[in-house]
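# Secondary and tertiary structure notes
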Amino acid sequence: MTATQTMMTETETMVLPGRRHDKHRHNRFRYRDGRIAYLLILPALVLLGIFVVWPAVYAGYLSFQDWSFYKDPEFVGWRNYTNVLSDPLFWESIGRGFVFVAMTVPPMLILAFFFSSLVVSVSRWFAGVLKVSIYIPTIISAVITSIIFVLIYNYSGGILNAMLGGFGIDPIAWIGDPAWALLAIAIPAIWLGIGLTSLIMVAAMIDIPTEYYEAAAMEGADWWEKTRYITLPQMKNVFLYLLITGFVAAIQQFELPLVMTGGGPLNSTTLPNLFIFNHFRNDINVGYSIAAALLLFVVLGTVSALVFRFVNSERLVD
């Protein structure tokens, strides 16, 4: 072995223990940081387990029981589920929920998009005024909104029929006629949801680089061409998010039909959650209501998965 090789071997022998020591210290710090992180999220996990996981597991258990507040649970197997699945009113409420989604989500997305386009095209001060004004309905309680729109829809003294009367149109029983009741509920639902939807779209539009629009303007593109080839493609992930959340919120709407119509007339506004609530309130067999709620959860999850698959969400990720 030459002198140079000997010196290199001695140097490596002196360095390696230091490297091992640094590696050991790094692993020790890493273990400590991981332990601290787990301790920080422990309260959230405990609360999640108490108020979400355990109630969900126990609800699944009770859905297989003939149970009420007046007697002990009695195992009945799949009977509650078969009763729900064979109940035509349950399927009617599910179908009505999809109709309600079609009435609310597409108009809300379209209106929010045009409003957001207006906000990003005006001055900063005026944009602030518009954003505050559109967000006000979001902070209003759904119960208060229901009362306001009941007064608007009132047959004899409502503002809407008074306006129509000025054009010679006879009064309409907006929430008393099965042909109009669901639409009458859809309008305040759009009014309540358009604020947050608009602000999310505004944030997405502001995040689009202005260089894209400047380059398109140099090519002579008008507003529609900029919207079609720049704005809409850049916001596709946002649209997907708003579509899924809008669908879930609309089909689970509860307060508006409960306060405005009570599910009537002739069950024309009985949406799925109100159907489950009415059974829970009137039927002593609570297992039926729990089974219906779990089946609704399956329907929501299945439709959401189908929407993701239909729009091919993996390609939407930038």
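Residues numbered from 1 in each chain as written. Predicted model: local features only at pLDDT ≥ 70, side-chain atom pairs only at ≥ 80, totals over all residues. Heavy atoms only, no water.

## A look at the overall build of the protein
Counting secondary structure elements, the protein contains 14 helices and two strands. Residue burial in the protein is summarised as follows: out of 318 residues, 35% are buried. At a minimum sequence separation of 6, the contacts of the protein that also span at least 24 residues come to 68%. Of the accessible surface of the protein, which amounts to about 20,000 Å², a share of 68% is contributed by carbon and sulfur atoms. (Helix = DSSP H or I, 4+ residues; strand = E, 2+ residues; numbered from the N terminus. Buried < 20%, exposed > 50% of the residue type's maximum accessible area, 1.4 Å probe, protein only. Contact = heavy atoms within 4.5 Å. Areas by Shrake-Rupley, 256 points an atom, 1.4 Å probe, with all protein chains shown as cover.)

## Quick word on the nonpolar core
Nonpolar side chains in soluble globular proteins tend to end up buried together. Among the nonpolar cores identified, the biggest contains 57 residues, and V84, F90, F100, M201 and M235 are the most heavily contacted of them. When residues of this core are assigned to their parent elements, the largest contribution, 12 residues, is made by helix α7 (residues 181–206). For V84, the contacting residues outside a window of four places in its chain are F90, W91, Y288, A291, A292 and L295. (Core = buried A, V, L, I, M, F, W, Y, C linked by side-chain atoms within 4.5 Å.)

## A short note on the side chain of S268
Along the polypeptide, S268 turns up in the loop between α11 (255–260) and α12 (272–282). In this structure the side chain of S268 is engaged in a polar contact, spanning 2.7 Å, whose partner is the backbone oxygen of P265. When near neighbours in sequence (up to four residues on either side) are disregarded, S268 contacts R96, P178, A181, L182 and G263. (Polar contact = N/O pair within 3.5 Å; in protein donor to acceptor, adjacent residues only side chain to side chain.)

## Digging into the UniProt feature "transmembrane region" (unreviewed entry) in the protein
Feature annotation in UniProt assigns "transmembrane region" (unreviewed entry) to the following positions: residues 36–61, 98–122, 134–155, 180–206, 238–266 and 286–311. Its end C-alpha atoms 36 Å apart, residues 98–122 is made of 88% helix and 0% strand. End-to-end, the C-alpha atoms of residues 134–155 are 28 Å apart, and along that stretch the chain is 64% helix and 0% strand. (UniProt positions renumbered as here; feature names shortened; annotations may be inferred.)

## Concerning the pairing of strand β2 (residues 71–75)
In this structure, strand β1 (residues 65–68) lies alongside β2, joined through three bridges in antiparallel fashion. Following the sheet pairing, Q65 is matched in β2 by F75. What sits between β1 and β2 in their antiparallel hairpin is a turn of two residues. (Pairing = 2+ DSSP bridges.)

## A word on the packing of helix α3 (residues 88–119) against helix α4 (residues 124–135)
It is at 9 Å that the axes of α3 and α4 come closest, and there the two elements cross at 155 degrees. Looking at the two axes, α3 sits roughly antiparallel to α4. When α3 is examined against α4, the residues F115, L118 and V119 are found in contact with a partner set consisting of A127, L130, K131 and I134. By residue class, the composition of the contact of α3 with α4 is six nonpolar, no polar and one charged. (Axes fitted to C-alpha atoms, helices over the stretch in contact; angles between N-to-C directions. Parallel < 35°, antiparallel > 145°, perpendicular 65-115°, else oblique. Nonpolar A, V, L, I, M, F, W, Y, C, P; charged D, E, K, R; others polar.)

## Quick notes on the pattern of salt bridges
Applying the stated criterion across every chain, the model contains two salt bridges. Here R79 ties to D66 by a salt bridge, and the two come within 3.5 Å at their closest N and O atoms. Pair noted here: R79 is in helix α2 (residues 79–85) and D66 is in strand β1, with a separation of 13 residues, a long-range link. For D66, a relative accessible area of 14% puts it in the buried group. (Salt bridge = Lys/Arg side-chain N within 4 Å of Asp/Glu carboxyl O.)

## Concerning α3
For α3, which comprises 32 residues, the first-to-last C-alpha distance of 46 Å matches the rise-based estimate of 46 Å (1.5 Å per residue) to within 8%. Its side-chain oxygen at 3.0 Å from the backbone nitrogen of L89, D87 defines the N-terminal cap of α3. (Expected span 1.5 Å × (residues − 1).)

## Brief notes about the packing of aromatic side chains
Inspection of the entire model under this criterion finds 16 aromatic pairs. With centroids separated by 5.0 Å and ring planes inclined at 85 degrees, the aromatic side chains of F64 and W78 adopt a geometry described as edge-to-face. Taken together, the residues F64 in the loop between α1 (3–62) and β1 and W78 in the loop between β2 and α2 connect sequence positions 14 residues apart. Taking the centre distance of 5.4 Å and the plane angle of 75 degrees together, the rings of F90 and W91 count as edge-to-face. By relative accessible area, which is 2% here, F90 ends up buried. Its relative accessible area of 43% is what places W91 among the partly exposed residues. An aromatic cluster is present here, built from F149, Y153, W174, W180 and W191 joined pairwise through their rings. (Phe/Tyr/Trp six-rings, centres within 6.5 Å; stacked < 30°, edge-to-face > 60°.)

## Some words on the confidence of the model for the protein
The predicted model of the protein has a mean per-residue pLDDT of 83, with 87% of residues at 70 or higher. Within the model, the stretch residues 313–318 combines pLDDT values under 50 with 10 contacts to residues more than four positions away or in other chains. (pLDDT = per-residue confidence, 0-100.)

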